[in-house]
Amino acid sequence: MPFRAPGSDVLGPRPPFQPQQAITAAANNSNVFNPSALHAALQASSATQQSPGTSEWFFDTGATSHMSSSLGNVLPSSLHPSSSVITVGNGARMPATHRALSIIPTATSPLHLTDVLISPSLIKNLISVRRLTRDNAVSIKFDPSGFSIKDLRTRAEMLRSPSAFWAEALATVTCLINRRPCRATGMATPYALLLGTPPDYNELRVIGCRCFPNTIATAPHKLAA
């Protein structure tokens, strides 16, 4: 995905407004940061997220099993009823209705996803990095441009996928930093100091997963397989 340069505004482009996800944080009439408005905006945006495309898969270094929300992502002949329960990072539990197999095609040989848990309550289809590497004898390397999957025996690259959203992530970080309070300026935000008006938190949206597994006990950092 080509990099999109920021607009002429020094704070970067203004995020697009989505009426169907409008939230009700009250506007702040002063230049002082209002933590209540920010908290309300983040809470409301989390509740209004929509499910991703059912065919999209996401790597998760903390997941112990592959998980999907749709039966369309697995081989129909491999479906079996399941009584398993999925526990997410905040302690919530959701039932898995089936177990199944799935295949990801590559340039050399397919990658097999074994024991995929099916739960309609999921909003992301997750690939367990640990299960994928163990079941297929492959390695996964993350780098600034994306990731690559290599055969452990031949070291041949089987799959390469660049990251498509680094530009969006950078723009999001810039937007948030300029709307956060600064102790050096008496808790005023850079946005307010520059433009003379308080920032509007009504357009903030939560990006990424709603579940963040704690992997401190098994891995030194999030990208450690």
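Throughout this document, residue positions are counted from 1 along each chain, in the order its sequence is written. Side-chain atom pairs in this predicted model are given and counted only at pLDDT of 80 or more, local residue features only at pLDDT of at least 70, and totals for whole chains, interfaces and linings cover all residues. For side-chain calculations, the full set of non-hydrogen atoms in the structure is used, while hydrogens and water are omitted.

**So, the overall build of the protein**
The numbering of helices and of strands both runs from the N terminus, where a helix is a DSSP run of H or I of at least 4 residues and a strand a run of E of at least 2. A count of helical and extended segments in the protein gives 4 helices and 11 strands. Only heavy atoms enter the contact rule, under which two residues are in contact if any of them lie within 4.5 Å. Within the protein, contacts between residues separated by at least 24 positions form 53% of all contacts whose residues are at least 6 apart in sequence.

**Quick notes on the pairing of strand S8 (residues 125–128)**
Buried means the residue's accessible area, taken with a 1.4 Å probe over protein chains only, is under 20% of the maximum for its type, while exposed means over 50%, and partly exposed covers the values in between. With burial as the criterion, each face of S8 is covered, one bearing Asn125 and Ile127 and the other bearing Leu126 and Ser128. Note: strand S1 (residues 57–60) against S8, 4 bridges, orientation parallel. Counted as the bridge partner of phenylalanine 59 is isoleucine 127 from S8. Pairing between strands is defined by DSSP: at least two bridges between the two strands are required.

**Regarding the environment of histidine 66**
Note on placement: histidine 66 falls in the loop between S1 and strand S2 (67–68). Taking the C-alpha atoms as reference points, histidine 66 and leucine 113, 47 residues apart in sequence, are found 7.0 Å from one another. Ignoring sequence-local partners within four residues, the contact set of histidine 66 consists of Leu113, Thr114, Asp115, Val116, Leu117, Leu126, Ile127, Ser128, Arg131 and Leu132. Of the polar contacts made by the side chain of histidine 66, one reaches the backbone nitrogen of serine 128; its length is 3.0 Å. Any N or O atom pair separated by 3.5 Å or less is treated as a polar contact, with the protein-specific requirement of one donor-capable and one acceptor-capable atom, and with residues adjacent in sequence counted only for side-chain atom pairs.

**Here we look at the packing of aromatic side chains**
Here a pair means two rings of Phe, Tyr or Trp (six-membered ring of Trp) with centres within 6.5 Å. Their orientation is stacked below 30 degrees between planes, edge-to-face above 60, and tilted elsewhere. Applying the stated criterion across every chain yields a total of 3 aromatic pairs. Where phenylalanine 59 meets phenylalanine 142, the ring centres are 6.1 Å apart and the plane angle is 80 degrees; that geometry is what we call edge-to-face. Remark: phenylalanine 142 occurs in strand S9 (residues 138–143) and phenylalanine 59 occurs in strand S1; sequence separation between them is 83 residues. For phenylalanine 142, a relative accessible area of 26% gives the class partly exposed. Measuring from centroid to centroid gives 6.3 Å for phenylalanine 142 and phenylalanine 147, while their planes differ by 50 degrees, and the two rings are tilted. Feature note: the residues Phe59, Phe142 and Phe147 constitute an aromatic cluster, connected by ring pairs. A ring is considered to have a charge above it if a Lys NZ or an Arg CZ atom is located within 6 Å of its centre and within 35 degrees of its normal. Of note, lysine 124 hangs over the ring of phenylalanine 58, and the distance from its end group to the ring centre comes to 4.4 Å.

**Some thoughts on the pairing of strand S6 (residues 98–104)**
Two faces belong to every sheet, and in a regular strand the side chains alternate between them. Both strand S3 (residues 80–81) and S6 contribute to a ladder of 2 bridges, which runs antiparallel. Its bridge partner being in S6, histidine 80 is matched across the sheet by arginine 99. Counted between consecutive antiparallel strands, the loop separating S6 from strand S7 (residues 111–118) contains 6 residues.

**Things to note about unusual backbone geometry**
Of note, alanine 137 is a non-glycine position whose phi angle comes to about 55 degrees, a positive value. In this fold, alanine 137 is placed in the loop between helix H2 (129–136) and S9. Phi is positive for arginine 155, which is not a glycine, with a value near 65 degrees.

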